[in-house]
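# Reading the structure
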Amino acid sequence: MNPEIIRSLQELLPQIQGYIYPNEIEIHWGLLIVVYPYITGVVAGAFILASLVKVFNVKEVQPLYRLSLLTALAYLLVAPMALVSHLGHPGRFYEILLTPQTSSAMAMFGFVYAWYLMAVLLLEIWFVHRTDMIDMAENSTGATRLLYRALSLFSKDKGERAVAFDHKALKVITIVGIPSAFLLHGYVGFIFGSIKANPWWSSVLIPIVFLFSAIVSGIALVVLLYMIITPLTGGKINMKCVDKAVDFLFYAVIVDFSLEMVDFIHRVYQSEEEIKILSEMVMSKLFLSLIIVQVLLGMLVPLLLISLTKIFKKRFSLNEDMRKMVYFISVILIQFGIFATRWNVVIGGQMFSKSFRGLTTYKMEFGGIEGLLYAIVLLALPIAILFVLMKVLPPWKELREEGETGTEALGGAGM
Amino acid sequence: MNGRRSFLRGFFAVLLSGGAIEGVMKLFPSKALAKETARTGKWYGYGVSVDKCIGCARCMDACKNENNVPKEPFFVRTWVERYITRKNGQTTVKAIAPGDEATPEAASDRTILRSFFVPKLCNQCANPPCVQVCPVGATFQTGDGVVLVNEKTCIGCRYCIQACPYGARYLHPKTHTADKCTFCYHRISQGQLPACVEVCPTQARIFGDLNAAASPMSRFLRMNKIHTLKPGLNTEPKAFYANLDGEVR
C-alpha cells in the first residue's frame, strides 16, 4: 500500500464540506491535467496567429509569423509529456495507439496529435525554412552543414519554380492547418464537455469556449515573447505589428468572455439540480481563481486596458512606450487568466461531489510527479525548446522586418 | 456523360435508401441510440431493498476481504449511506464505516422525520459511460452484462472514474489501475452469490439473472416498485432499488 497517498488523503478529510461519495476524496486529474489544455491551447492559438499572415493576408503581423510557428511546435512537443506523466501506468501509453477504443474521445489523442504534428506543423515549418536551410548549409561547414543538409532533407533547389511551389504548399498546409488546430483543441474540450456525469463540464459550449480561450492564450503568448525577445536581441519592437496582433487579441477576448458569460447565464437560468452545489463551490473554493483571477484580472482588466489604448491612441496620440507597457501588462494578465480558466475547469469539475451534496478540496503537492515543481518544469520546457528552435531556424529576418539597421548582422551571428 | 449521370443517379439512390443512413448510424455507439434489445442467456442484475437495510456494514467488510480492496476508507467497491431527513426538511447524509454502531437516535430524536440506509455499488449499467470513454478498451462489458476492468491493459488515465456518475470507481493504490465492483465475477461465474449478498443478514441485497423468470431477482422486480439511480443519464443501471427515497442520488 502506498502510505503517502493514504496520508495525503487523510489530511483532506477535515476540509470536506457536506457529503461526498467515499471514492471522491482524491482529485484524480490534478495540476498536470491543468497544464495540458493550457499547453495545447497555446499551440492552437499560436498557429491561428500564424495563419492570419498566410491565409488572411494580414501583412502587419508578418514579423510574428515564424515565431508563432516555432512557439506552436515547442509547446506541442511538451503536450504529451503532461499526459503521459499523469498516467497510472506511463509505460503503457502506447496502448492508446495500438488498441484504441473508437468510442473514446481520449483514444483519438494519438491520431489528432500525430496529424497536427506531422501533417501541419512540421510540414509548414519545413516549407517556410527550406530555402533558408539550404542557404545555411551552403554557408557553414562540418557538422553544422550536415545538420542543415539533413534538416532540409537534402533538397538543393532554390529555383523560381521550387520557391513558388513552397508558397503554394504553405497556403494549402495553412488552410488544412486551421481546422486541424481547431480539432486539436476542440477535441480537448470535447473530452471534458462529453462527460455527462459531470454537470460542470457537460456542456456543448465547452469545446468552443476552449477554442476561443486557446486563440486568446496563443496570441497573447506570442505577443509577449515578441516583446521580450526583440529588445533582448537588439531589435526594435514593430508597433504596427503589435497593435494589429493586440487588436485580434482584443476581439478574441471579447468573444471568449461572451461565450463564457452565455454558458454561465445559461446554467443559472436553467438552474438544474446541481446549481446549488456549483454556486456554493464558485463562491467558496473557486472564488479567488474564478472570480478574481480568471474574470477580473484575466479578462476585464486587460479588456479595459486595451480599450483605453484604443481610445487614447485616437484622441491624444498615446505615446508608444505607454502603449507598450499597457500591452505588456495585458498579455501577462491574460496568461494568468487563461491558466486560471484551465484550473477552474479541471479542478473545479472535481471539487463537487456527484451526489451534489458536498465539496472536496485540492491540495497541491510541491514535489513528485503531480507536484508544482514538475508542472513549472513542464511550463518552462517549451521556452527552452523554443530557444533551441530559434537557434536552429532563426526567425530574425522576419522579426525585424521593418528594417532596423545593423541588426541583420547580429541576427546572422547565431542568435 | 451518360456514365456519370447513371453513377450520380445510383449514388443518390443509395443515399436515399436505408443503406447510407445505416452506415452513418454505425458511427455512433448503437447502445446510446437504441433501447436495450431483448437478450438471451444470462443477464445479471442486482436488487437493493432499501427498507431492509439496517446499516450493519457487513457487506462492506465482506467486499473488502473478498476482493482485496484496500482497508482504508478512501477506496470502496460498495458502501452504505445513512440518510436523516429532519422535520424542517433538511437532509444529512453520511457514509457509514464498518465498526460504526448503527446509532438508534432516530427513535428518540423528535426532530427526525425519517431515517434510512442506502447500499451503493457499481450500477453495472447496460449502457456504461465508463466503457464508452476508456481509450484502450480496458474497461469492458461481458456478454452477461457485467462491466469489468482488465488491470493488465488499463493505463490509469482515470477517464472512466470521471465518467461514472455514481462514484463507483477508484484508482487502486497498489495496481495503479481503475477498480470497482465486479459483482464478484469470480464467484458468480461459479454459481455462487456475490460476497455482499451472501453476508447480508436481512437480505436487503439480492442478486441474480434478470432473464430467469423464477429467480429471486425476478421475484424482487415483480413484487416491488423499482427505481434506479440517476435515470435521466440514460446509463440504464442494473442495480435496482425498491422503496427508494427521492432524496437519494
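Residues numbered from 1 in each chain as written. Chains lettered and ligands numbered in written order. Predicted model: local features only at pLDDT ≥ 70, side-chain atom pairs only at ≥ 80, totals over all residues. Heavy atoms only, no water.

### Overview of the overall build of chain A
Definition in use: A run of DSSP states H or I qualifies as a helix once it reaches four residues; a run of E qualifies as a strand once it reaches two. Both are numbered from the N-terminal end. Between the two quantities, the radius of gyration covers C-alpha atoms and the globule rule is 2.2 Å times the number of residues to the power 0.38. With a 1.4 Å probe rolled over the protein chains alone, any residue whose accessible area is under 20% of its type maximum counts as buried; one over 50% counts as exposed, and the rest are partly exposed.
Tallying secondary structure elements over chain A gives 16 helices and two strands in all. Computed over the C-alpha atoms, the radius of gyration of chain A is 23 Å, within 12% of the 22 Å expected from 2.2 N^0.38 for a compact globule of 415 residues. For chain A, the spread of C-alpha atoms along the three principal axes comes to 70 × 60 × 35 Å. Evaluated residue by residue, chain A yields a buried proportion of 56% over its 415 residues.

### Points about the overall build of chain B
The cut-off we apply is this: Only heavy atoms enter the contact rule, under which two residues are in contact if any of them lie within 4.5 Å. Note that accessible areas follow from Shrake-Rupley with a 1.4 Å probe, and for residues the cover is restricted to the protein chains shown.
A count of helices and strands for chain B gives ten helices and eleven strands. Expressed as a percentage of the 249 residues in chain B, the buried residues total 49%. In chain B, of all internal contacts separated by at least 6 residues, the share reaching a separation of at least 24 is 61%. If you sum the accessible surface of chain B, you get close to 12,300 Å²; carbon and sulfur atoms cover 56% of it.

### Description of the pairing of strand E2 (residues 78–86) of chain B
All names here are of chain B. Operational definition: In this analysis, strands are considered paired if DSSP registers two or more bridges between them.
Burial runs high along E2: eight of the nine residues are buried. The sheet contact formed by E2 and strand E4 (residues 112–121) spans nine bridges and is antiparallel. By the bridge assignment for E4, Thr78 is matched with Leu121. By the bridge criterion, five bridges tie E2 to strand E3 (residues 91–95) in an arrangement that is antiparallel. Residue pairing for E3: Tyr83 is matched across the bridge by Val93. Here E2 folds back onto E3, and the loop between the two strands holds four residues, one of which, Gly89, carries a positive phi near 95°.

### Some remarks on the sheet that holds strand E1 (residues 44–49) of chain B
Residues and elements named next belong to chain B. Operational definition: Only C-alpha atoms enter the line fits that serve as axes; for helices the fit covers just the stretch in contact. Angles between N-to-C directions range over 0 to 180 degrees.
With respect to topology, four strands assemble into an open sheet ordered E9-E1-E11-E10, the strand pairing being mixed. If you trace the sheet from one side to the other, it starts and ends with strand E9 (205–209) and strand E10 (226–227), each paired once. Inspection of the sheet shows E1 paired to E9 by five bridges, in the antiparallel sense. Of the residues in E9, the one forming a bridge with Gly45 is Gly208. Its contacts with the sheet place helix H10 (residues 216–223) against E1, E9, E10 and strand E11 (239–242), and it is angled at close to 115° to E9.

### Here we look at the sheet that holds E4(B)
Residue and element names in this part refer to chain B. An order of E3-E2-E4 is seen for the three strands of this open sheet, with the pairing classed as antiparallel. The open sheet has two edge strands with one neighbour each: E3 and E4. Mean inter-strand twist for the sheet, computed between neighbouring axes without regard to direction, equals 20°.

### Digging into the pattern of salt bridges
Residues and elements named next belong to chain A. Under the convention used in this document: Just to be clear on terms, a salt bridge is a Lys or Arg side-chain nitrogen sitting within 4 Å of an Asp or Glu carboxyl oxygen.
Under the criterion given, the structure shown has 19 salt bridges over all chains. Across the salt bridge formed by Asp166 and Arg130, the nearest N and O atoms sit 3.0 Å from each other. Placement of the pair is Asp166 in helix H7 (residues 160–193) and Arg130 in helix H5 (residues 109–138), with a sequence separation of 36 residues. For the pair Asp166 and Arg130, one class covers both residues: buried. Within the structure, one salt-bridge network assembled from shared partners comprises Arg7, Glu11 and Lys363.

### Some points on helix H8 (residues 205–232) of chain A
Note the cut-off: One fewer than the residue count of a helix, multiplied by 1.5 Å, yields its expected span.
For H8(A), spanning 28 residues, the distance from its first C-alpha to its last is 41 Å, which sits close to the expected 40 Å at 1.5 Å a residue. Counting buried residues along H8(A), 23 of its 28 residues qualify, which places the element largely inside the surrounding structure.

### Focus: the packing of aromatic side chains
Inclusion rule: Working definition: a ring pair exists when centres of Phe, Tyr or Trp rings (six-membered ring for Trp) sit within 6.5 Å. Plane angles under 30 degrees give stacked, over 60 give edge-to-face, the rest tilted.
Enumeration according to the criterion identifies 24 aromatic pairs over all chains in this entry. Taking the centre distance of 5.4 Å and the plane angle of 75° together, the rings of Tyr38(A) and Phe339(A) count as edge-to-face. Taken together, the positions of Tyr38(A) in helix H2 (residues 31–54) and Phe339(A) in helix H12 (residues 320–346) put the pair 301 residues apart, joining distant regions of the chain. Judged by its relative accessible area of 7%, Tyr38(A) is buried. Taken together, a centroid distance of 5.5 Å and an interplanar angle of 15° make the contact between Tyr46(B) and Phe183(B) stacked. With Tyr46(B) in strand E1 and Phe183(B) in the loop between strand E8 (178–179) and helix H8 (185–188), this pair connects stretches of sequence that are 137 residues apart.

### Some remarks on unusual backbone geometry
Here Leu153(A), not a glycine, exhibits a phi torsion of approximately 55°, which is positive. Assignment of secondary structure puts Leu153(A) in the loop between helix H6 (142–151) and H7. Since its relative accessible area comes to 59%, Leu153(A) is described here as exposed. The phi torsion at Phe183(B) lies on the positive side, around 60°, for a residue other than glycine. On the accessibility criterion, Phe183(B) (1% relative accessible area) is buried.

### Here we look at the interface of chain B and chain A
For the record, the criterion: Computed with a 1.4 Å rolling probe, the buried area is the accessible surface lost when two parts are put together, summed over both parts. Pairs of N or O atoms within 3.5 Å make up the polar contacts considered here, provided that, within protein, one atom can donate a hydrogen while the other can accept it, and that residues adjacent in sequence are counted only when both atoms are side-chain atoms. The residue classification treats Ala, Val, Leu, Ile, Met, Phe, Trp, Tyr, Cys and Pro as nonpolar and Asp, Glu, Lys and Arg as charged. All others, Gly included, are polar.
With 53 residues of chain B at the contact, the number on the chain A side is 42 residues. When chain B packs against chain A, close to 4,100 Å² is buried across both sides, 55% of that on carbon and sulfur atoms. Taken as a group, Phe74(B), Gln162(B) and Arg249(B) account for 21% of the area that chain B buries against chain A, more than any other trio of residues on that side. Connecting chain B to chain A are three salt bridges. Counting the contacts that link chain B with chain A gives 29 residue pairs in polar contact (both at pLDDT 80 or more). Elements represented by at least two residues in the side of chain B that touches chain A include exactly E2, E3, helix H6 (129–133), helix H7 (159–163) and strand E7 (170–171) of chain B. Of the residues in the side of chain B that touches chain A, the class split is 29 nonpolar, twelve polar and twelve charged.

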